[in-house]
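# Remarks on the overall topology
In case you want the letters, here they are:
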Amino acid sequence: MFILQTLPACDPEDQFGDTVGKVASFSLHAGVAAKAHERAKLERLCRYISRPAVSEKRLSLTLNGNIRYQLKTPYRDGTTHVIFEPLDFIARLRPWCPGRAST
């Protein structure tokens, strides 16, 4: 579930403060806002926050049943794809699924 709410007006110079969260080599920049009349910006923001954790277009199955994920940008060593066994892929994907039960 996503909740969008209007923030109270504040000083434009200190509107967002330190709004970048970093955990386990991932970062989230939360300093984005859209005013009520900025419909295009609001739609772009909604599309961004509701996108899936992985791109289905870059997923495929190998002949032996493993899962191949094409990287958006190659690694420094030239790696363009990552191969997972199905259970390993699900285990790595699970933290990205909203509403998951903690174990």
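Since this is a predicted model, take the numbers as computed values, not measurements.

When you line up the elements, Asn66 lands in the loop between β3 (59–61) and β4 (67–70). Residue Asn66 is classed as buried on the basis of its relative accessible area, which comes to 17%. Among the polar contacts made by the side chain of Asn66, one reaches the side chain of Asn64 at a distance of 3.5 Å. Those residues within four positions of Asn66 in sequence are excluded, and the remaining contacts are Ser60, Leu61, Ile83, Phe84, Glu85 and Pro86.

Averaged over the chain, the pLDDT score is 76; the fraction of residues at 70 or greater is 63%. Highest mean pLDDT in the chain belongs to β3 (95); lowest belongs to strand β2 (residues 26–29) (62).

Following the criterion strictly, the structure yields two salt bridges and no others. For Asp88, the salt bridge goes to Arg92, with nearest N and O atoms at 3.4 Å. Note that Asp88 and Arg92 are positioned in helix α2 (residues 86–93) at a spacing of four residues, about one turn of the helix. Overall, the relative accessible area of 51% leaves Arg92 in the exposed class.

What counts as what
Residues numbered from 1 in each chain as written. Predicted model: local features only at pLDDT ≥ 70, side-chain atom pairs only at ≥ 80, totals over all residues. Heavy atoms only, no water. Helix = DSSP H or I, 4+ residues; strand = E, 2+ residues; numbered from the N terminus. Buried < 20%, exposed > 50% of the residue type's maximum accessible area, 1.4 Å probe, protein only. Polar contact = N/O pair within 3.5 Å; in protein donor to acceptor, adjacent residues only side chain to side chain. Contact = heavy atoms within 4.5 Å. pLDDT = per-residue confidence, 0-100. Salt bridge = Lys/Arg side-chain N within 4 Å of Asp/Glu carboxyl O.

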